[in-house]
There are 2 protein chains.
Amino acid sequence: MPATIKDVARMAGCSIKTVSRVINGEPYVSEETRARVQAAIRAVGYAPNISARRLAQNKSFMICILLYPGLLQPSSAILSRVMDIGYEENYDILIQPYFPTHSRSKRKLVSLISEQHIDGFVTTPPCDAEDFVADLLGTYKVPLVQINPFHRSDTIPFVAGDDVLGARQVTEHLLSLGHRRIAFLMGPRNMRASFDRLAGYQNALLAAGLPIDPTLIRDSEFTFDGGYTATRLLMDLPSPPTAIFAGNDEAAYGVIFAAHEIGLRIPDQLSICGYDDFAMSKNIWPGLTTVHQPLEEMIESATRALIRILKGEALDSNQIILPSALVLRGSTAPPPR
Amino acid sequence: MPATIKDVARMAGCSIKTVSRVINGEPYVSEETRARVQAAIRAVGYAPNISARRLAQNKSFMICILLYPGLLQPSSAILSRVMDIGYEENYDILIQPYFPTHSRSKRKLVSLISEQHIDGFVTTPPCDAEDFVADLLGTYKVPLVQINPFHRSDTIPFVAGDDVLGARQVTEHLLSLGHRRIAFLMGPRNMRASFDRLAGYQNALLAAGLPIDPTLIRDSEFTFDGGYTATRLLMDLPSPPTAIFAGNDEAAYGVIFAAHEIGLRIPDQLSICGYDDFAMSKNIWPGLTTVHQPLEEMIESATRALIRILKGEALDSNQIILPSALVLRGSTAPPPR
DNA sequence: TTTGTGATTGACAACGTTGTCAGTTTGGAA
DNA sequence: TTCCAAACTGACAACGTTGTCAATCACAAA
C-alpha cells in the first residue's frame, strides 16, 4: 500500500488539490507551501498512481510503435534511444509487433486504442501497407506519425529517407567501377522502398545510357532466402551479372552466402551491395557496401514529432526527409576483365 | 468519447454491476440477462477502460521484461512470441531496456514499480548482476522470474540453460577434430555464462588430460570488438591456437573478421566456435559452429511461469533448465597438419 | 475607507471500473 | 403451506487522481 496524495496532504497540512498542483508544477502555490509539500512527498516516498491519473485525464501517456518483426531488425540501441525520449517527455513507449494481414495483430491494435487509449502511434513499414491502420487511427482520431510510409500523405506526418537517391548512388558507384551487367533484387510489393530503390537503380542505368535488362531484376522479398535463391538463379544465366545490388542488407547476406557457396570470390569475381546498413553489415567479411539509413534518427524524430503533436505544438513540416549516405566497404570492386 | 459500462447497462436495462459480472465471467447472472448484456456490448461497441480497471483492482496487468540492449539481441521473433503470450493471458508486456549501473535505468525501474505498479518482472543477464533489481523487487514484493541469472536462488524462480555442458561439448568437438591448442574467449564478469562456459572449456581439457594454458584464455566481453582484438593478439603468439572458442556468437563474428583480415582460411587454417546461435550465425559464411540456446523458449517459459505466479498458481519447480544443443556448421574442421 | 484584482487555497465532483453488502426472487424441502 | 438456501440483482462506496468553482487573502489603487 504505497503512499497516496492524501497522505502527502495530511503530512503537509494542506488539501490534496494543492499537492496535485505542486506535482504538476502548476502556478498559484506559494513558495512556502510548495516547499512543505515537496518535503512531505519525500518524507512519505510518494509517487503518483499513473492509472488514476490516466483515468482522471482520459489520457494514457503512452505511445505505441508498430514494428514488423520480420524486417527492420530494431537494434536494441534504437529501442533504448526511444525509451530515453519517452523518459524525458514522461511518455511510456510501447513496442508492438505488428503483422499486416494478421488478424490477431489487428485485434490487438483495436484493444490498444479502445481499451488502453494509447495517445499516439508510430508506424514502420510495411505496417502501413494496407490502409487498415491509418483508417482505424483516423476513425478513433488517434495521432499517427509514419516512418517510410507506402503512401506519402499530405495530412499524416511522416519521416523518410530518399531511397530513389540512395539506390541511384549505389548503382552509379557500381557503374563507375566499370560494371555493366548489374542485377537488382526487388523487395516486397507492400513496401515503398522496393519501388523507390528500383527506380533509383533504373534511373542510374538510363542516365548512363544503358538498357534495363529485365532478366537481371529478381524478387528477394528483402530476405536472406530471397537473396540466396535469386543469386543462384542469376549466376546460372548464360551471361551472369558482375554485380548484384541486393535491395536491402538482409537480402545481401543471402547473396554473399550463395556467392561463397558457388565459389565466387567477393569482390573480385562478384561485387555486392546492400541497402539499410544493418549493424551486422560492417561485421561480416568483406564489409558490405551499402547505404546507411539513419534508422535511429528516423525513429527518434518520428517519436519526437508525435509527442509535439500530442502536446498540441505545431510541426515545422509534415514531411521530414533525412539524408542517407553511401557507405563503401570491401564488397565492391571493378569487375573481372 | 467511447462507450462506458453505463451505456451498456442503460441499453441492456440492468445495473452496471451486472454488466461488470458479464464482462468478467462471474457467476450469478442469468443466461437471459447475460445474453442481453452481451448484445448491448456489441451494439454500443463497448471496451472496458483499462485504466479504470487498474485503479479499481490496484493491479496493472502488466509484465515487464528487463533487457540489456547490448547483448541478447532479442530477435523480434522473440518479442513477438512474448506478446502473443500476453495476448492470450490478458497481460500487457513491456519491454524495458535496462543497463546495470545506469542511474536512469534504475530510476525508470523504480517508476515502473511505484507509479505503474507493474505486476511482475522477467530479468535477463546481466540485469541481475547487481543485487539492486532483486532487492528492489523484494522490498516492493513484486514477483520476479530470472533468465540465466548470475546467482541461482532457491527462492526466486529462474529459467536457464546448462552452459557448463554446452561449452564442454563445444570443446570436446574441437578436441575430437584433433585440436590441441584451443583458445577461449571469456565474457564479462557480470554474467554467469562467462564463468560457466569457461568451466565447461576447462573441464573438457582436463578430462582429455590436456593442460590449461592461460595465454590462450582472453577477454572478449562478448562483443565483436573484443573477439577481434583477442584474435589479433592470439594469432601473434609464437605458437598460436588452431581453434578459437569464442564464448558467444557476437565475439565469434569478431574472430571471423580478424581471421579474414589476417588472411587465414576458415576452417582450414583456423576453426572457430561460438555460443548462443544468434540468427545471423547460419547466414554468415562459413556457417558458425555454435551451441543453440533456446532463447525463445526461455523467455516464453519465464513469462509463463511469471503469469502462473501472478495468478496464484504453484510452479512445478523453481528451477527450469532447458536443453541446449551443439550445432555443427562450416566453421570447424581438423587443424592444419 | 472602499474597491478591485490577482494570488492562493480547498471542497467536491468526475473519471470508469470493481468490491461489498443488502435486497429480491426462485425453487425445493419440510 | 411455510421456510430456507441459493441464485440473482443493484445501490453505493472505493480506487487516486485532476478539473471546476467558489472562498479567502493580500495588497494596491481609488
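Up top you'll find the structure we're talking about.
Worth saying up front: this structure is predicted, and the values here are computed from it rather than measured. (Residues numbered from 1 in each chain as written. Chains lettered and ligands numbered in written order. Predicted model: local features only at pLDDT ≥ 70, side-chain atom pairs only at ≥ 80, totals over all residues. Heavy atoms only, no water.)

Quick word on the protein's contact with DNA strand C
Here is step 1 of the chain: Taken together, 25 residues are adjacent to DNA strand C, and A:T18, A:R21, A:T33, B:K17 and B:S20 come closest.
Here is step 2 of the chain: In the environment of DNA strand C, a phosphate oxygen lies 2.6 Å from a nitrogen or oxygen atom belonging to the side chain of A:T33.
Here is step 3 of the chain: With respect to DNA strand C, the backbone of B:N49 contributes an N or O atom lying 3.2 Å from a phosphate oxygen.
Here is step 4 of the chain: Contributions of two or more residues to the surface near DNA strand C are made by α2 (16–23) and α4 (50–57) of chain A together with α2 (16–23) and α4 (50–57) of chain B.
Here is step 5 of the chain: Class assignment of the residues belonging to the surface near DNA strand C gives a composition of 12 nonpolar, 9 polar and 4 charged. (Near = heavy atom within 4 Å. Polar contact = N/O pair within 3.5 Å; in protein donor to acceptor, adjacent residues only side chain to side chain. Helix = DSSP H or I, 4+ residues; strand = E, 2+ residues; numbered from the N terminus. Nonpolar A, V, L, I, M, F, W, Y, C, P; charged D, E, K, R; others polar.)

Describing the sheet that holds strand β4 (residues 144–147) of chain B
All names here are of chain B.
Here is step 1 of the chain: Read from one edge to the other, the open sheet built from 6 strands follows the order β2-β1-β3-β4-β5-β11, with strand pairing classed as parallel. At either end of the open sheet lies a strand with only one pairing partner, and these are β2 (92–97) and β11 (319–322). Each strand of the sheet is rotated relative to its neighbour by a mean of 20 degrees, with strand direction disregarded. (Pairing = 2+ DSSP bridges. Axes fitted to C-alpha atoms, helices over the stretch in contact; angles between N-to-C directions.)

Some points on the relation of the copies chain A and chain B
Here is step 1 of the chain: When chain A is fitted onto chain B, the two copies agree to an RMSD of 0.1 Å after a turn of 180 degrees and an axial shift of 0.0 Å. In symmetry terms, the pair is related by a two-fold rotation axis. Residue A:S51 of chain A places its C-alpha closer to the rotation axis than any other residue of that unit, at 2.5 Å.
Here is step 2 of the chain: Interface residue correspondence from chain A to chain B reaches 100%, placing this contact among same-surface, isologous pairings. (Least-squares fit on C-alpha atoms with pLDDT ≥ 70 in both. Contact = heavy atoms within 4.5 Å.)

Overview of the pattern of salt bridges
Here is step 1 of the chain: Evaluated as defined, the whole model comprises 44 salt bridges over all chains.
Here is step 2 of the chain: Close ionic contact of A:D163 with A:R197 constitutes a salt bridge, the shortest N to O distance being 3.2 Å. Note that A:D163 is positioned in helix α8 (residues 163–177) and A:R197 in helix α9 (residues 192–207), a separation of 34 residues in sequence.
Here is step 3 of the chain: Among the salt bridges present, the one from B:D7 reaches B:R10, with a minimum N-O distance of 3.5 Å. (Salt bridge = Lys/Arg side-chain N within 4 Å of Asp/Glu carboxyl O.)

Thoughts on helix α7 (residues 132–140) of chain B
All names here are of chain B.
Here is step 1 of the chain: Those residues of α7 that sit buried are V133, L136 and L137. On an axial view of α7, the arc spanned by its buried residues comes to 95 degrees, and they lie on one face.
Here is step 2 of the chain: Buried residues in α7 make contact with β1 (62–67), α6 (103–114), β3 (120–123) and β4.
Here is step 3 of the chain: Just past α7, the residue K141 takes up positive phi, approximately 55 degrees. (Buried < 20%, exposed > 50% of the residue type's maximum accessible area, 1.4 Å probe, protein only. Arc of directions from axis to C-beta.)

So, the pairing of β3(B)
Residues and elements named next belong to chain B.
Here is step 1 of the chain: The side-chain alternation of β3 yields two buried faces, one formed by G120 and V122 and the other by F121 and T123.
Here is step 2 of the chain: Of the pairings in the sheet, the one linking β1 to β3 comprises 4 bridges and is parallel in character. What sits directly across from C64, in β3, is F121.
Here is step 3 of the chain: Pairing geometry for β3 and β4, over 3 bridges, is parallel. Residue pairing in the sheet places F121 in a bridge with L144 of β4.
Here is step 4 of the chain: At this point the chain moves from β3, through α7, to the parallel β4, and the crossover so formed is right-handed. (Right-handed = clockwise from strand over helix to strand, strands pointing away.)

Re the nonpolar core
Here is step 1 of the chain: Among the nonpolar cores identified, the biggest contains 83 residues, and A:F245, A:I272, B:F245 and B:I272 are the most heavily contacted of them.
Here is step 2 of the chain: Within the second largest apolar cluster, 32 residues are counted, among which are A:M62, A:L94, A:L144 and B:F121. (Core = buried A, V, L, I, M, F, W, Y, C linked by side-chain atoms within 4.5 Å.)

Section: the packing of helix α1 (residues 5–12) of chain B against helix α3 (residues 31–44) of chain B
All names here are of chain B.
Here is step 1 of the chain: Relative orientation of the contacting elements α1 and α3 amounts to 125 degrees, with a least axis distance of 9 Å. Here α1 is positioned oblique relative to α3, judged by the angle of their axes. Like other packed secondary-structure pairs, α1 and α3 cross with a definite hand, here right-handed. Of the residues in α3, those touching α1 at V8, M11 and A12 are R36, V37, A40, I41, A43 and V44.
Here is step 2 of the chain: Here the residues of the contact of α1 with α3 sort into 8 nonpolar, no polar and 1 charged. (Parallel < 35°, antiparallel > 145°, perpendicular 65-115°, else oblique. Left-handed = near helix turned anticlockwise from the far one by under 90°.)

With respect to the interface of chain A and chain B
Often, the extent of an interface is quoted as the loss of accessible area upon association of its parts.
Here is step 1 of the chain: Tallying the contact residues gives 43 residues for chain A and 44 residues for chain B.
Here is step 2 of the chain: Summed over both sides, the interface of chain A with chain B buries roughly 4300 Å², with 62% coming from carbon and sulfur.
Here is step 3 of the chain: Along the contact surface separating chain A from chain B lie 4 salt bridges.
Here is step 4 of the chain: One can count 10 residue pairs in polar contact (both at pLDDT 80 or more) joining chain A with chain B.
Here is step 5 of the chain: Listed by contribution, the elements that provide at least two residues to the side of chain A that touches chain B are α4, α5 (76–89), β2 (92–97), α6 (103–114) and α11 (249–262) of chain A. (Buried area = accessible area lost by both parts, 1.4 Å probe.)

Some points on the protein's contact with DNA strand D
Here is step 1 of the chain: Close to DNA strand D lie 25 residues; A:K17, A:S20, B:T18, B:R21 and B:T33 are nearest.
Here is step 2 of the chain: Sugar and phosphate atoms constitute 64% of the interface atoms of DNA strand D, taking the interface as everything within 4 Å of the protein.
Here is step 3 of the chain: Between A:Q57 and DNA strand D, the recorded distance is 3.3 Å, taken from a side-chain N or O atom to a sugar or linking oxygen.
Here is step 4 of the chain: For DNA strand D, a phosphate oxygen lies 3.1 Å from a polar atom in the side chain of B:Y28.
Here is step 5 of the chain: It is α4(A) that provides the largest number of residues to the surface near DNA strand D, a total of 4 residues.
Here is step 6 of the chain: Split into classes, the residues belonging to the surface near DNA strand D amount to 12 nonpolar, 9 polar and 4 charged.

Brief notes about the environment of B:L165
Here is step 1 of the chain: Take B:L165: it is sitting in helix α8 (residues 163–177).
Here is step 2 of the chain: Taking the relative accessible area as the measure of exposure, B:L165 reaches 43% and is therefore partly exposed.

Focus: the sheet that holds strand β9 (residues 271–273) of chain A
Residue and element names in this part refer to chain A.
Here is step 1 of the chain: The 4 strands are arranged β7-β6-β8-β9 in an open sheet whose pairing can be described as parallel. Lying at the two open borders of the sheet, with one neighbouring strand each, are β7 (217–219) and β9. Neighbour to neighbour, the strand axes of the sheet diverge by 20 degrees on average, direction disregarded.
Here is step 2 of the chain: The pairing of strand β8 (residues 243–245) with β9 spans 3 bridges and is classified as parallel. Looking at the pairing, I244 lines up with I272 of β9.
Here is step 3 of the chain: Across the sheet, α8 lies against β6 (182–186), β8 and β9, angled at about 175 degrees from β8, the strand it touches most.

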